[in-house]
Structure formats: C-alpha cells, structure tokens
Amino acid sequence: MEKKERAGEILRFALTGGICFAAELGVLILLKGQLGVDTLIATPIAFLISVALNYLLCVVWVFRGAENTGAAAKTGFLLTSVIGLGLNEGLMYLFRLALGEDAVVLSLAGRDIRMYVINKCLATLLVMIWNYFTKRAVLYRKAKA
C-alpha cells in the first residue's frame, strides 16, 4: 500500500473513530448520567453499539475492499472487538479505582462533566491503538492469502 493510500486510510479510521466515540460517549452519558446505570454496566452497552457502527464504517469506508471478507475475517473482527471491550472495561474499572468517577471536573454551559467522562476518553485513546492495528490485520488477511 502506498504512503498516500495509507494516510487516507488512517484519516478515514480517525474520522470513523470520532463518529463512533461520539456515539459511544453519548450512550454512556445517557445511561450513566441520565438514567443512573452503573458505569461498569453502561460502558459495555455503549461499547457494543459503537462496535456495530464501527464495523459498518470500517468495511464500507475505512478499509476499502474489505467488505467482501469472509466469515473468518468477520469472526476476527468480532474477536478483536471483544478483546477491545475487555480492555475498555478493565481500564474503566482501574480508572474508577484510581481517579473516581462522579466528581465534577468541569462545567460547560451549565452542564457538568464528571470524571467518568474523562476516564472514558482515556480508555478510548488506549483501546483505539489496539483497534486500528488488529482490525486492519483481520480485515486485510484474506486479501493477502
């Protein structure tokens, strides 16, 4: 893959990640902030919604040519997502223990930003690195075979 093509792919991946992160954070804030669901329950629900959206965007837009992958690639994508979920959940738990989650860290336009949102941002950043390399490898594996 040429450098220009790879740069475009990385840009599309970053944009997709932003879209999926916004969806995931929105669901997390709805569940935790509005409905009072525990963070360790709300996090995987939000993550799974984000993964479904991420899969659709990755196979259609990010990793062009990957939409025709077989069952093995889909299984690999799912497996990397489950591992990503485990990493996400573990990080959220560790951040909860180390940093707390209910303290207000910032108020913007009358809305309080609580520590669980910061924890989620940190966890997402770390899991994003895992996601790019593993999902790329899984979705392009068939093309190289």
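Scroll up a little and you will see the structure.
The text that follows walks through the structure, step by step, so that each part is easy to find. Predicted model only: the values in this text are computed from it and were never measured. (Residues numbered from 1 in each chain as written. Predicted model: local features only at pLDDT ≥ 70, side-chain atom pairs only at ≥ 80, totals over all residues. Heavy atoms only, no water.)

### As for the overall build of the chain
This is how it is decided: Strands here are runs of E lasting at least two residues and helices are runs of H or I lasting at least four, both read from the DSSP assignment and numbered beginning at the N terminus. Each residue gets one of three labels from its accessible area relative to the maximum for its type: buried under 20%, exposed over 50%, partly exposed in between, using a 1.4 Å probe on protein chains only. Contacts between residues were defined by any pair of non-hydrogen atoms, one from each residue, lying within 4.5 Å. Note that accessible areas follow from Shrake-Rupley with a 1.4 Å probe, and for residues the cover is restricted to the protein chains shown. For the purpose of counting charges, residues Lys and Arg are taken to be positive, whereas Asp and Glu are taken to be negative. His and the chain ends are not included. Here the site of a charge means NZ on Lys, CZ on Arg, CG on Asp, or CD on Glu.
Summing up its helical and strand segments, the chain has four helices and two strands in all. Written out in order from the N terminus, the α and β elements of the chain read α-α-α-β-β-α. Each of the three principal axes of the chain carries a C-alpha extent, and together these read 50 × 30 × 25 Å. Residues counted as buried form 38% of the 145 residues belonging to the chain. Put simply, 72% of the contacts in the chain that link residues at least 6 apart link residues at least 24 apart. Surface exposure of the chain reaches about 8,200 Å², of which carbon and sulfur atoms provide 71%. Within the chain, the 10 negative side-chain charges are centred at a point lying 8 Å from the centre of the 16 positive side-chain charges.

### What about the packing of helix α2 (residues 39-62) against helix α3 (residues 71-99)?
Counted only if it meets this: Axes, fitted as lines to C-alpha atoms, cover a helix only where it is in contact. Angles between the N-to-C directions of the axes lie from 0 to 180 degrees. The sense of a crossing depends on the near helix, which, turned anticlockwise from the far helix by less than a right angle, makes the crossing left-handed and, turned clockwise, makes it right-handed.
One can describe the packing of α2 onto α3 by two numbers: an axis separation of 10 Å at closest approach and a directional angle of 145°. Handedness of the crossing formed by α2 with α3: right-handed. Of α3, the residues touching α2 (which contributes Thr39, Leu40, Thr43, Pro44, Phe47, Leu48, Val51, Asn54, Tyr55 and Cys58) are Lys74, Phe77, Ser81, Gly84, Leu85, Asn88, Glu89, Met92, Tyr93 and Arg96.

### Description of unusual backbone geometry
The phi dihedral of alanine 109 is positive, around 50°, even though this residue is not glycine. Considering the arrangement of structural elements, one finds alanine 109 in the loop between β1 (104-108) and β2 (111-114). The exposure class of alanine 109 is exposed, given its relative accessible area of 82%.

### A few points about the pairing of β2
What counts, and what does not: Here a strand pair is declared whenever DSSP counts at least two bridges between the two strands.
Direction of pairing for β1 relative to β2: antiparallel, over a ladder of four bridges. Within the sheet, the bridge partner assigned to leucine 106 lies in β2 and is isoleucine 113. Connecting the antiparallel pair β1 and β2 is a turn made up of two residues, with alanine 109 showing a positive phi of about 50°.

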